[in-house]
Amino acid sequence: MSDHGMMEKEEIFSKVLRAGRRTYFFDVRATKAGDYYLTITESKKFTNDDGSFHYKKHKIYLYKEDFSEFNEILREMTDYIIAEKGDEVISERHQKDFKKEDYSSNDDLAEGGESISDSDSAEKFTDINFEDI
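Residues numbered from 1 in each chain as written. Predicted model: local features only at pLDDT ≥ 70, side-chain atom pairs only at ≥ 80, totals over all residues. Heavy atoms only, no water.

Engineer: Explanation requested: helix H2 (residues 67-85) in the structure shown.
Structural biologist: For an α-helix, 3.6 residues make a turn, and residues three or four places apart therefore share a direction. Relative to the 27 Å expected for 19 residues at 1.5 Å per residue, H2 spans 27 Å between its end C-alpha atoms, a close match to the ideal helical length. Remark: glycine 86 follows H2 within two positions and exhibits a positive phi of approximately 75°. (Helix = DSSP H or I, 4+ residues; strand = E, 2+ residues; numbered from the N terminus. Expected span 1.5 Å × (residues − 1).)

Engineer: Could you clarify how one ought to interpret the pattern of salt bridges in this entry?
Structural biologist: Between side chains of opposite charge, pairing is possible as soon as their charged atoms come close. Evaluated as defined, the whole model comprises three salt bridges. Residue arginine 29 is joined to aspartate 27 by a salt bridge in which the shortest nitrogen-to-oxygen separation is 3.9 Å. The same class applies to arginine 29 and to aspartate 27, which are both buried. Of the charged contacts in the structure, one is a salt bridge between arginine 75 and aspartate 79, with a shortest N-O distance of 3.8 Å. Here arginine 75 and its partner aspartate 79 are both found in helix H2, four residues apart, which amounts to about one turn of the helix. The class for arginine 75 is exposed, based on a relative accessible area of 55%. Classification of aspartate 79 as partly exposed rests on a relative accessible area of 41%. (Salt bridge = Lys/Arg side-chain N within 4 Å of Asp/Glu carboxyl O. Buried < 20%, exposed > 50% of the residue type's maximum accessible area, 1.4 Å probe, protein only.)

Engineer: Would you explain the packing of aromatic side chains in this entry?
Structural biologist: Scanning all chains against the criterion turns up three aromatic pairs. Judged by centre distance (6.2 Å) and plane angle (35°), the rings of tyrosine 37 and tyrosine 61 are tilted. Of this pair, tyrosine 37 sits in strand S3 (residues 36-47) while tyrosine 61 sits in strand S4 (residues 53-63); the two residues are 24 residues apart in sequence, bridging distant segments of the chain. On the basis of relative accessibility, which here comes to 45%, the residue tyrosine 61 falls in the partly exposed class. (Phe/Tyr/Trp six-rings, centres within 6.5 Å; stacked < 30°, edge-to-face > 60°.)

Engineer: How should I be thinking about the sheet that holds strand S2 (residues 22-30) in this particular structure?
Structural biologist: The strands making up a sheet are joined through hydrogen bonds of the backbone, oriented either antiparallel or parallel. Here we have four strands laid out as an open sheet, ordered S1-S2-S3-S4, and antiparallel in their pairing. If you trace the sheet from one side to the other, it starts and ends with strand S1 (11-19) and S4, each paired once. Sheet twist, expressed as the mean angle between neighbouring strand axes with direction ignored, is 15°. Here eleven bridges tie S3 to S4, and the two strands are oriented antiparallel to one another. Across the sheet, serine 43 pairs through a bridge with lysine 57, a residue of S4. (Pairing = 2+ DSSP bridges. Axes fitted to C-alpha atoms, helices over the stretch in contact; angles between N-to-C directions.)

Engineer: So what exactly am I meant to see when it comes to the confidence of the model for the chain here?
Structural biologist: The predicted coordinates ought not to be read in detail in places where the model reports low pLDDT. Considering every residue of the chain, the mean pLDDT works out to 76; 61% of them sit at 70 or more. Contacts from residues 4-8, a stretch scored under 50 in pLDDT, to residues over four places away or in other chains number four contacts. Predicted confidence is poor over residues 103-126, with pLDDT under 50, and the contacts of this stretch with residues over four places away or in other chains come to eleven contacts. (pLDDT = per-residue confidence, 0-100. Contact = heavy atoms within 4.5 Å.)

Below is the structure:
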């Protein structure tokens, strides 16, 4: 490959975010004209039945002319999710190593000090969307 071809792939500035089975790579790269753009790559590790593994990667190319609107929409969407669902990561409950918190506080007591059973507390949650599971 020529020096010019290598220059195209050169990363100017990079950051990595490891998040469980996923890793996000943020890379500043240069166009042929010498301007900069951002690539965001999601790499997710999958384990095969035989114990070997492979990665699936997805890449987004983000150019300067889109930065302002991209940032605005990203902020709006993340703010919406936090406002609607809070900071708790619900999907952690479905991970193999999840340990349920032991709630032995007064929150589990009904009026008069009696304990609320799981079936009683389950009646309080009626809005279930199984597509989220």
